[in-house]
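Structural overview
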Amino acid sequence: MSTVREVTYQLLRDLGMTVIFGNPGSTELPFLRDMPAAFRYILGLHERSAAGMALGYAMGTGKATFVNLHSIASAGNGLSAIEDAWYLHAPLVVTAGQQDRRHLLAEPFLASRAIETVRPYVKWAYEPVRAADVPAAIARGYYLAMQPPMGPVFISIPMDDWIHECEPLQVRAVTRTVLPDPTALDDLVRALDASRHPALVVGSQIEEDAGWHELVALAEHLNADVYEEPIPPRWVFPRNHRLFRGGLLPAQQPLAEQLAAHDVVVVLGAHVFRYYAHVPGVTVKPGTKLFQITNSPLDAASALAGSSVVGNLATAAGYLHTHVKAKQNADDSALTAPISPPPGNPITPAYLFSVLNRVMPRNAVIAEECPSAKGDLDRWLTTDQPGSFYSVPNGVLGFGLPAAVGLQMAHPERRVVCPIGDGSIQYSIQALWSAVQSQAPVIVIVLQNFDYSALKGFCDFTEVGRNVPGMEIPGIDMVQIAQGYGMNAQAVDRAEELEPALRAAFDSDKPRLINVSVAKGGQKCMGMDQSVNPPRYR
Ligand SMILES: Cc1ncc(C[n+]2csc(CCOP(=O)(O)OP(=O)(O)O)c2C)c(N)n1
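Residues numbered from 1 in each chain as written. Predicted model: local features only at pLDDT ≥ 70, side-chain atom pairs only at ≥ 80, totals over all residues. Heavy atoms only, no water.

Observations regarding the pattern of salt bridges
Working definition: two side chains of opposite charge can pair if their charged atoms are close together. The condition is simple: Salt bridge, as applied in this entry: a Lys or Arg side-chain nitrogen positioned within 4 Å of an Asp or Glu carboxyl oxygen. Strands are runs of DSSP state E lasting at least two residues, helices are runs of H or I lasting at least four, and both sets are numbered from the N terminus onward. Note on exposure labels: buried denotes an accessible area under 20% of the residue type's maximum, exposed denotes more than 50%, and partly exposed covers the range between, all computed with a 1.4 Å probe on protein chains only.
Inspection of the entire model under this criterion finds 23 salt bridges. Here Arg113 and Glu107 are joined by a salt bridge, their closest N and O atoms 2.7 Å apart. Salt-bridge contacts for Glu499 lead to Arg503; the nearest nitrogen and oxygen are separated by 2.9 Å. Pair noted here: Glu499 and Arg503 are both in helix H19 (residues 495-507), with a separation of four residues, about one helical turn. Note on Glu499: relative accessible area 24%, which makes it partly exposed. Each of the salt bridges in this network shares a partner with another, and the network as a whole consists of Asp451, Lys456, Glu472 and Lys520.

Description of the site of the ligand
Let me state the cut-off plainly: It suffices for a single heavy atom of a residue to lie within 4 Å of a molecule or strand for the residue to be listed as near it. Identification of polar contacts relies on pairs of N or O atoms within 3.5 Å, with a donor-acceptor requirement for protein atoms, meaning one able to donate a hydrogen and the other able to accept it, and with residues adjacent in sequence counted only if both atoms are side-chain atoms. Using a 1.4 Å probe, accessible areas were evaluated by the Shrake-Rupley method; residue-level cover was limited to the displayed protein chains. For this classification, Asp, Glu, Lys and Arg are treated as charged, while Ala, Val, Leu, Ile, Met, Phe, Trp, Tyr, Cys and Pro are nonpolar and the rest, including Gly, are polar.
In the vicinity of the ligand lie 15 residues, with Ser372, Gly395, Asp422, Ser424 and Ala454 positioned nearest. The contact in question runs from an oxygen atom of the ligand to an N or O atom on the side chain of Asp422, over 2.8 Å. Separating an oxygen atom of the ligand from a backbone N or O atom of Asp451 is a distance of 3.0 Å. Summarising the interface, the protein chains cover 78% of the accessible area of the ligand, which totals 590 Å² for the free molecule. Its residues placed into classes, the shell around the ligand shows six nonpolar, seven polar and two charged.

Concerning the sheet that holds strand E15 (residues 365-368)
Selection criterion: When DSSP locates at least two bridges between a pair of strands, those strands are taken to pair. Orientation is described by axes fitted as lines to C-alpha atoms, over the contacting stretch for helices, and by angles from 0 to 180 degrees between their N-to-C directions.
Spatial ordering of the open sheet is given by E16-E15-E17-E18-E20-E19, a layout of six strands whose pairing is parallel. A single partner strand is all that each edge strand has here, and the edge strands are strand E16 (389-391) and strand E19 (488-492). Within the sheet, the average angular offset between the axes of one strand and its neighbour, ignoring direction, is 15°. Note: E19 against strand E20 (residues 512-517), five bridges, orientation parallel.

With respect to the side chain of Ser391
We count it as follows: Whether two residues are in contact is decided by their heavy atoms, any of which lying within 4.5 Å being enough.
By the secondary structure assignment, Ser391 is in strand E16. Engagement of the side chain of Ser391 in a polar contact is seen with the side chain of Lys374, the distance being 3.0 Å. Once you skip the residues sitting within four places of it in the chain, Ser391 turns out to touch Leu88, Pro232, Pro233, Glu368, Lys374 and Phe399.

A closer look at the sheet that holds strand E9 (residues 198-202)
Hydrogen bonding along the main chain pairs the strands of a sheet, whether they run parallel or antiparallel. Pairing within the open sheet is parallel, and its six strands lie in the order E11-E10-E9-E12-E13-E14. The sheet is open, and its two edges are formed by strand E11 (244-247) and strand E14 (307-310), each paired on a single side. Here the average twist between neighbouring strands, direction ignored, is 20°. With four bridges joining them, E9 and strand E10 (residues 225-228) adopt parallel strand pairing. When the sheet's bridge partners are listed, Ala199 is paired in E10 with Asp225. Running over the sheet, helix H9 (residues 212-222) touches E9, E10 and strand E12 (264-268) and is turned about 165° from E9.

That's the geometry; what it means functionally is another story.
Here it is as structure tokens:
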């Protein structure tokens, strides 16, 4: 008879989860010992980094990724990455050790209530009732994690379970594509056929459902204006396309105004809508017909207005393309090409991103976390290939760097670039070490402005005032920190140094950190200024 440990490794092999991201402790050692040669263990020096790299890897490969954390000690540390996976619909099978069942009742050292802790941000949190159920629980977690909307699951495993006897387990076929209701889509077809000026609002679920090409074909067929969802975690439409109209603002009233010219708005793969600043208003102006197609029943239920259809985005876009009549009357006022920003000193984020856009390969992948420079990044980076852009989904800093490293591991044939603030990089700084150790040639561009510019911007935006503690972060030497983790690093202080430094990084096949001294940001809040009538908090 096999053991739980042997059956589990066979199961992980059969499910294709042979890369394990983790940070070990005593309660995991009975599982990790003598790991079979087919497996690769990626060590994160902190669980935010370990689970965050797994998140990047899962999004890059589109496949469930196995994470092994340490009891409650590290499930808590990894929770923000699990939360990111929840909002990004990223399939993670997260496991953590539990104390030995035989004395759990006595609350020993490292006893774990991790399943209660993580529950709001996972699709399923479970501790098997019997040791012999461990492999089947992992299999069940895997099928659920991969089911749209994909997401994390969590299984807590008592450390004595691994040595118990266990029956072999057969992997099962579980389908993953949920077809949208054709009757509901036909209502949308009629609305689009009757529409004079439709708009598409596109969101990250397009990428989850591999619907990039179907979306572009649909937009061109309809000649519809295409807007990106507010604060997009992924870009899903070519940035230079004639129909691309930019992003929607994350506040109710200004967003409705952006869409005011349209008689039909179809939201494809996004919330209706993701707001940030509370500026009350209507969802869309009266008379505009609003439709949502989403792979998430939760998003369908929480939409503020309109009709929702649940199902696969690629299928839905393909159906609409086939059934709606083509339209000619596009307003072809595509975004005019902006004038390149000047190379001033200090370097502006706008200049930095305009140079990066010129220098980087067209198939580069961006994993970003630069709060106050988001607007400039959005303006100047013109990626036009699927899987090119990832960003923090729900405001929890610590996403960017480990996601970049995980994405780089998933895409050895592409270069991953991580533009990141000097504040943001501190939340998961240890991922620098994992990039070096795993030889993942990620290019980290730190925007060093020595403060929390985005928070200062928010202070101005909402009239909180500037008399707030904890806004400055002086005295951090990012080059030395990176070098301390074994990474090549250099400082760029003058505009003329920027392009050579970037070119050298792309020419090298090693990971590298470039610390760029930039002008302080915070002039706008998520693309909004006082004209949107922001809330006041004083
Ligand atoms: C985990 C976490 N802690 C704190 C915050 C609040 N916060 C939002 S933006 C920001 C500043 C980040 O600084 P930096 O990366 O230097 O970017 P900058 O604001 O200077 O553009 C902070 C602290 C957060 N969103 N997440």
